[in-house]
Amino acid sequence: SMPASEMELRPFDPEGSFCLYPTSMHIEELCASIVRSHRETSQYRVDELQTLRWKIFSREEVHAYQSKTVDEMWQHCAMRLTDAVQYVVEFAKRIPGFRQLGQNDQICLLKSGSMEVVLVRMSRLFNPENGTVFFDGKFAGTELFKSLACGDFIAAVFDFAHSLCALRLTEQQVALFSALVLINADRPCLEDRDRVLRVRKDMELALRHLLHRDNQESLLHKLYQKVTVLRSLCALHIEKLRWFRQLYPFTVHSLFPALYKELFGSDIDVQSVATL
Ligand SMILES: CCS(=O)(=O)c1ccc(CNC(=O)N2CC3(CCCC3)c3nc(-c4c(OC)ncnc4C4CC4)ccc32)cc1
């Protein structure tokens, strides 16, 4: 988090909490704009997920998933993931300041951060009462993903969703935390780190402002701890992806063109997409 000294340096009048950096928005407006972007780009609203809680996969349906080959189940999951990643791309494009970054830095932040945001959003899809997550239209337990042959990874994903769920974040807090996860000035692939850092500082201010307003400042360090877990989960994910790609090179190859054509539409090499 930002040391107090830096807070003083920033042009910032306590009354209006007006910050002069690129977004030239009041922090209140910045919060409202990020929350709106999150709502507009969430595949499911929280109240919809509430009404769907009772829709759980039957034994036969679970068995059908478990009967898929490793290759088929990875393809199926990849499609679900690619849908989710496309919504995250839309969210990113609506974050004030993101579109003002260089094109390569926008792609760099998305390549390195979209999986982390998918994981943050997954906590909204998680039902802690029965440890299931909303996937493919119903709620599924870890056993549904057995044929992925990544039991340890899926268990870690569910554990993370459970632990984030336990913080009982509001939609606004999820929105601002997602923006903070995405606008990360430490990504190795960045070209203009300082520009990203300025947008990042606005995201930090917005989150601190919201947590102060919600009288939940104690959440801030818990959220920063979650960022470390996110990083390790994504590293584990990339390990699994590499393992899978060695086993099924053609499956992965057929997957990627759809992804980067859809999401990035620029001539980045397939290798870099694989690190998504
Ligand atoms: C991105 C395109 S790509 O570069 O071609 C690409 C890259 C990686 C893969 C393989 N990983 C994968 O499929 N994963 C990983 C993760 C778990 C950790 C993060 C997202 C995940 N999660 C789910 C999943 C859910 O898994 C438990 N539960 C609910 N929803 C979802 C999806 C968000 C809709 C569904 C698949 C899925 C495939 C394709």
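Residues numbered from 1 in each chain as written. Predicted model: local features only at pLDDT ≥ 70, side-chain atom pairs only at ≥ 80, totals over all residues. Heavy atoms only, no water.

K.L.:
Could you clarify how one ought to interpret the packing of aromatic side chains in this entry?
P.N.:
Geometrically, a pair of aromatic rings is defined through the distance of the ring centres and the angle of the planes. Scanning the entire structure with this criterion turns up ten aromatic pairs. Relative to phenylalanine 145, the ring of phenylalanine 135 lies with its centre 4.8 Å away and its plane at 65°, an arrangement referred to as edge-to-face. In this pair, phenylalanine 135 sits in strand E4 (residues 132-135) while phenylalanine 145 sits in the loop between strand E5 (138-140) and helix H7 (151-166), placing the two residues ten residues apart along the sequence. The burial state of phenylalanine 135 is the same as that of phenylalanine 145; both residues are buried. The ring of phenylalanine 91 carries arginine 121 above its face, with NZ or CZ at 5.4 Å from the centroid. (Phe/Tyr/Trp six-rings, centres within 6.5 Å; stacked < 30°, edge-to-face > 60°. Helix = DSSP H or I, 4+ residues; strand = E, 2+ residues; numbered from the N terminus. Buried < 20%, exposed > 50% of the residue type's maximum accessible area, 1.4 Å probe, protein only. Lys NZ or Arg CZ within 6 Å of the ring centre and 35° of its normal.)

K.L.:
What should I look at first to understand the pairing of E4 in this one?
P.N.:
The two faces of a sheet get side chains in turn, since along a regular strand they alternate between them. Judged by which residues are buried, E4 turns out to be covered on both faces: Thr132 and Phe134 on one side and Val133 and Phe135 on the other are all buried. Bridge count between strand E3 (residues 126-127) and E4: two bridges; the pairing is antiparallel. Within E4, the residue paired with phenylalanine 126 across the bridge is valine 133. Counting the residues in the hairpin turn of E3 and E4 gives four residues, including glycine 131, whose phi is positive at 60°. Both E4 and E5 contribute to a ladder of three bridges, which runs antiparallel. (Pairing = 2+ DSSP bridges.)

K.L.:
Got a minute to help me understand the nonpolar core in this structure?
P.N.:
A general feature of soluble globular proteins is that nonpolar side chains tend to end up buried together. In terms of nonpolar packing, the biggest core is built from 79 residues, with Leu144, Phe145 and Met203 touching the most fellow members. In this structure phenylalanine 145 touches Met73, Cys77, Phe135, Ala140, Ile154 and Phe158, once residues within four positions along its chain are discounted. (Core = buried A, V, L, I, M, F, W, Y, C linked by side-chain atoms within 4.5 Å. Contact = heavy atoms within 4.5 Å.)

K.L.:
Honestly, the side chain of arginine 124 in this entry has me stumped. Any pointers?
P.N.:
Assignment of secondary structure puts arginine 124 in the loop between helix H6 (103-122) and E3. In this structure the side chain of arginine 124 is engaged in a polar contact, spanning 2.8 Å, whose partner is the backbone oxygen of tyrosine 44. Polar side-chain contacts of arginine 124 include one of 2.9 Å to the side chain of glutamate 171. In this structure arginine 124 touches His38, Ser42, Tyr44, Arg45, Val46, Leu49, Glu171 and Val174, once residues within four positions along its chain are discounted. (Polar contact = N/O pair within 3.5 Å; in protein donor to acceptor, adjacent residues only side chain to side chain.)

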